[in-house]
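Chain by chain, the residues:
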Amino acid sequence: MFKLRLDLQYFAGEKTEKATPKKRQDSRKKGQVLKSPDVTSAVVLLSIFLFLFFFAGFLRSEIYSFFSVAFTKYMLVETLTIESVILIFTDILIEVAIIVLPIMLVAVVAAIVGNLFQFGLLFTTEPLKFDLKKIDPIKGLKRIFSIKAIVELLKSIMKIGFIGSVTTLILWMNIEQVLSLSFKSAWDTLSTIGWLTGMMGIAASFVLLFISVLDFFYQRFDYEKNLKMSKQDIKDEHKNSDGDPIIKSRIRQRQREMAMRRMMQEVPTADVVITNPTHFAIALKYDDASMDAPTVVAKGADFVAQKIKLIAKENDVVMVENRELARAMYDQVEIGQKIPDEFFKAIAEVLAYVYRIKQKI
């Protein structure tokens, strides 16, 4: 029996259940999202090489203009002053920005698109918070000798092997142009090298993109596995979200006690208490100046009925025994509600009886 209990406790703590929406939302707030860095890297690399492939003529003209001005204008300045140095430095910064900023802008946009494609728009500072667990050497060793580390190693080997093979294949397919570079002019040599570099970069980007897609599916598998919850985790989550049943029961009990006290405080103001006589008690109040019909200010069964009768007796409230009327009103009329039309005649007779008694007194 003891062994069976231990086994049940073990299975209760085993993470076999899919993550709940709340668990996913909490993980997202902490920055734990489904993400493959290789997808972003592949998209950025492919975007940059495609940009260079189509806009190489524009960049070539800007670079040529930059060096031309540098060697024909800046190198021939006879005297350097602070003003001339600042002017040259400003011109150089502008020329470099014209060349570099488009590439950087493409890289930034591609990185944003790559991340948006994977996990959407998210801004959180949770990963930036200092955590001693991140520098725990034992956990660091576990990360080094883990399945994930092996997967990363295999992925790196795949990158080196596939990218190396594709770039080598492109060079082999253009081996004649490579061998003839020594017979070409410097301008043609640079053009050929640029074209081959662009083709190898685009091919390598597509290979990296293919590997990143495979890595994305692995990251999704690993992400879902890390998010899994045990049955006890789900129970605790429901308890925290819905509230502890014990605390909720105590709150409801306290609310009932407060409502009971308020109801008992109204009994002394009643005009009559209609009884069963032992099982039900209905306290009625009627003021012809402010009420259209008699109103139930308190009602109860069994113990509560006896409490109402005791308070009524202590405060000289008239009690009238009418079994059928008490039972019917207990079932059909709520506290604070006016009596329905079908009880008017019976209640009128009861109130008339009460008023006669009070006049005699």
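Residues numbered from 1 in each chain as written. Predicted model: local features only at pLDDT ≥ 70, side-chain atom pairs only at ≥ 80, totals over all residues. Heavy atoms only, no water.

## Some thoughts on the layout of surface pockets
This is how the line gets drawn: A 1.4 Å probe that fits into a set of points on a 1 Å grid over the protein atoms alone but cannot get out defines a cavity; an open set with protein on both sides within 12 Å along at least five of seven lines defines a pocket, and lining residues are those with an atom within 4 Å of a point. Grid points are joined across faces, edges and corners, and a volume is the space filled by probe spheres set on the points. Helix numbers and strand numbers start at the N terminus; a helix is a DSSP run of H or I with at least 4 residues, a strand a run of E with at least 2. Residue polarity is assigned by list, with Asp, Glu, Lys and Arg as charged and Ala, Val, Leu, Ile, Met, Phe, Trp, Tyr, Cys and Pro as nonpolar; anything else, Gly included, falls into the polar class.
Put simply, the second largest pocket is a space of about 600 Å³. Taken together, 19 residues line the second largest pocket, and the ones lying closest to its centre are Ala56, Arg60, Leu190, Ser191 and Gly194. Elements with a contribution of two residues or more to the lining of the second largest pocket: α3 (37-54), α4 (56-72), α5 (82-119) and α9 (186-227). In terms of residue class, the lining of the second largest pocket is built from 13 nonpolar, five polar and one charged.

## Some remarks on the pattern of salt bridges
Two side chains of opposite charge can pair, provided their charged atoms sit close to one another. For clarity, the threshold we go by: In what follows, salt bridge is the name for a side-chain nitrogen of Lys or Arg lying within 4 Å of a carboxyl oxygen of Asp or Glu. A simple rule labels every residue: compare its accessible area, found with a 1.4 Å probe on the protein chains alone, to the largest value its type can have, and call it buried under 20%, exposed over 50%, or partly exposed in between.
In total, this model carries eight salt bridges according to the counting rule given. Between Lys299 and Glu334 there is a salt bridge, and its shortest N-O distance comes to 3.7 Å. In this pair, Lys299 is assigned in strand β3 (residues 295-301) and Glu334 in the loop between α13 (323-332) and α14 (344-360), connecting sequence segments 35 residues apart. Of the residues examined, Lys299 reaches a relative accessible area of 12% and is grouped as buried. For Arg323, the salt bridge is made with Glu321, and the minimal N-O distance between the two is 3.7 Å. Residues joined in a network through salt bridges with shared partners are Asp38, Glu152, Lys155, Lys159 and Asp215.

## A word on the packing of α4 against α5
Think of two packed helices as two axes; the pair is described by the angle between the axes and how far apart they sit. For clarity, the threshold we go by: Axis angles are defined between N-to-C directions and span 0 to 180 degrees, where every axis is a line fitted to C-alpha atoms and, for a helix, only to the segment in contact. Note that the term roughly parallel is reserved for angles under 35 degrees, roughly antiparallel for angles over 145, roughly perpendicular for angles of 65 to 115, and oblique for everything else. By convention, the crossing between two helices is left-handed when the near helix turns anticlockwise from the far helix through less than a right angle, and right-handed when the turn is clockwise. The criterion used for residue contact is that any of the two residues' heavy atoms lie within 4.5 Å.
One way to put it is that α4 packs onto α5 with a least axis distance of 10 Å and a crossing angle of 160°. Classified by the angle between their axes, α4 and α5 sit roughly antiparallel to one another. For α4 against α5, the interelement crossing comes out left-handed. Where α4 abuts α5, its residues Phe58, Leu59, Glu62, Ile63 and Phe66 lie against Ile92, Glu95, Val96, Ile98, Ile99 and Ile103. Split by residue class, the contact of α4 with α5 holds nine nonpolar, no polar and two charged.

## Regarding helix α7 (residues 147-173)
For clarity, the cut-off: Multiplying one less than the number of residues by 1.5 Å gives the expected span of a helix.
Given a rise of 1.5 Å per residue, 27 residues ought to cover 39 Å, and the 39 Å separating the end C-alpha atoms of α7 matches this to within 8%. In this structure, the buried residues of α7 make contact with α3 and α9.

## Quick notes on unusual backbone geometry
Non-glycine residue Asp302 carries a positive phi angle of around 55°. Turning to its location among the elements, Asp302 is positioned in the loop between β3 and α12 (303-314). A positive phi is found at Asp316, a non-glycine position, where the angle reads about 55°. With respect to the element layout, Asp316 can be found in the loop between α12 and β4 (318-321).

## A look at the sheet that holds strand β1 (residues 272-275)
Our working definition: In this description, strands pair whenever DSSP reports at least two bridges between them.
Ordered by their spatial adjacency, four strands build an open sheet running β3-β2-β1-β4, and the pairing between neighbours is mixed. In this open sheet, the two strands that pair with only one neighbour each are β3 and β4. Taking the axes of each pair of neighbouring strands and ignoring which way they run, one obtains an average angle of 20° across the sheet. Pairing geometry for strand β2 (residues 280-285) and β3, over six bridges, is antiparallel.

## Here we look at α12
Rules: Note that the arc is computed from the directions linking the helix axis to the C-beta atoms.
With twelve residues, α12 ought to run about 16 Å at 1.5 Å a step, and its terminal C-alpha atoms sit 17 Å apart, in line with that. Those residues of α12 not exposed but buried are Val304, Ala305, Ile308, Lys309, Ile311 and Ala312. Projected down its long axis, α12 carries its buried residues within an arc of 165°, all on one side. Set apart from the buried face of α12 by more than 90 degrees, the exposed residues are Phe303, Lys313 and Glu314. A positive backbone phi angle near 55° is found at Asp316, which sits one or two residues after α12.

## Some remarks on the pairing of β4
The two faces of β4 differ: Val318 and Val320 on one face are buried, but Met319 and Glu321 on the other face are not. Bridging between β1 and β4 involves four bridges; their strand directions are parallel. Looking across to β4, one finds that Ile274 is bridged to Val320.

## What about the environment of Arg60?
Examined against the element boundaries, Arg60 turns out to sit in helix α4. Each C-alpha atom of the pair Arg60 and Ser191 lies 9.9 Å from the other, and the pair is 131 residues apart in sequence.

## Digging into the UniProt feature "transmembrane region" (unreviewed entry) in the protein
Rules: UniProt positions are given in the numbering used here, feature names are shortened, and annotations may be inferred rather than shown by experiment.
According to UniProt, the positions carrying the feature "transmembrane region" (unreviewed entry) are residues 39-59, 71-90, 96-124, 145-173 and 193-218. Taken end to end, residues 39-59 comprises 95% helix and 0% strand; its first and last C-alpha atoms sit 27 Å apart. Helix makes up 55% of residues 71-90 and strand 0%, with an end-to-end C-alpha separation of 16 Å.

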